[in-house]
Amino acid sequence: MAIGDRLEQYTLQCPQEVLIVKAEVGGEPDEIAIFRGFSSSLMRPTAFDVDTPILPEDATILSIDRLQGPYDPAHPQYLQQGLSWEDFLPHLTQLGL
């Protein structure tokens with residue numbers, strides 16, 4: 001399963017959480033919000049085609065923040081901040097993802 005798909009599945013299984021993923025996509029920085037199975041870039045246009053991955057396989061994940069949903073950018077409620085991909089993997093493994 002692709003990284004982006006795994007993260008979207010995580011938010012489907014943990015619908016009270018929002019993930020903010022800082023990544024490098026195509027050599028450019030990006031910040032992606034993932035909530036209830038949907039991804040959206042916070043820095044660039046998001047494709048209308050839902051089959052176009054927001055987080056491609058060649059993306060480099062810089063950090064993942066877990067927040068209490070719903071996401072309010074003015075008052076974010078962090079559960080964990082600045083997790084590396086390796087730090088986040090146990091959360092996915094625990095859910096069978």
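Residues numbered from 1 in each chain as written. Predicted model: local features only at pLDDT ≥ 70, side-chain atom pairs only at ≥ 80, totals over all residues. Heavy atoms only, no water.

**Side note on the sheet that holds strand E2 (residues 28-35)**
Spatial ordering of the open sheet is given by E3-E2-E1-E4-E5, a layout of 5 strands whose pairing is antiparallel. At either end of the open sheet lies a strand with only one pairing partner, and these are strand E3 (38-41) and strand E5 (78-83). Taken pair by pair, the neighbouring strands of this sheet meet at an average axis angle of 20 degrees, ignoring direction. Of the strand pairs in this sheet, strand E1 (residues 17-25) and E2 are connected by 8 bridges, and their pairing is antiparallel. Looking at E2, one finds that Val18 is bridged to Phe35. Helix H1 (residues 3-13) contacts E1, E2, E3 and strand E4 (60-68) of the sheet and is inclined by roughly 165 degrees relative to E1. (Pairing = 2+ DSSP bridges. Helix = DSSP H or I, 4+ residues; strand = E, 2+ residues; numbered from the N terminus. Axes fitted to C-alpha atoms, helices over the stretch in contact; angles between N-to-C directions. Contact = heavy atoms within 4.5 Å.)

**Some thoughts on the pattern of salt bridges**
Pairing between side chains becomes possible if they bear opposite charge and their charged atoms approach one another. On inspection of all chains with the given rule, the structure shows 3 salt bridges. Notably, a salt bridge pairs Lys22 with Asp65, separated by 3.2 Å at the nearest N-O pair. Linking Lys22 in strand E1 with Asp65 in strand E4, this pair joins segments that are 43 residues apart in sequence. Take Lys22: its relative accessible area is 31%, and that puts it in the partly exposed class. For the salt bridge of Asp30 with Arg44, the shortest nitrogen-to-oxygen distance reads 3.3 Å. Of the two residues, Asp30 is situated in strand E2 and Arg44 in the loop between E3 and E4; the sequence distance between them amounts to 14 residues. (Salt bridge = Lys/Arg side-chain N within 4 Å of Asp/Glu carboxyl O. Buried < 20%, exposed > 50% of the residue type's maximum accessible area, 1.4 Å probe, protein only.)

**A few points about the environment of Tyr10**
Structurally, Tyr10 is set in helix H1. Taking the relative accessible area as the measure of exposure, Tyr10 reaches 2% and is therefore buried. Excluding its chain neighbours within four sequence positions, the residues that come into contact with Tyr10 are Glu17, Leu19, Arg66, Phe88, His91, Leu92, Leu95 and Leu97.

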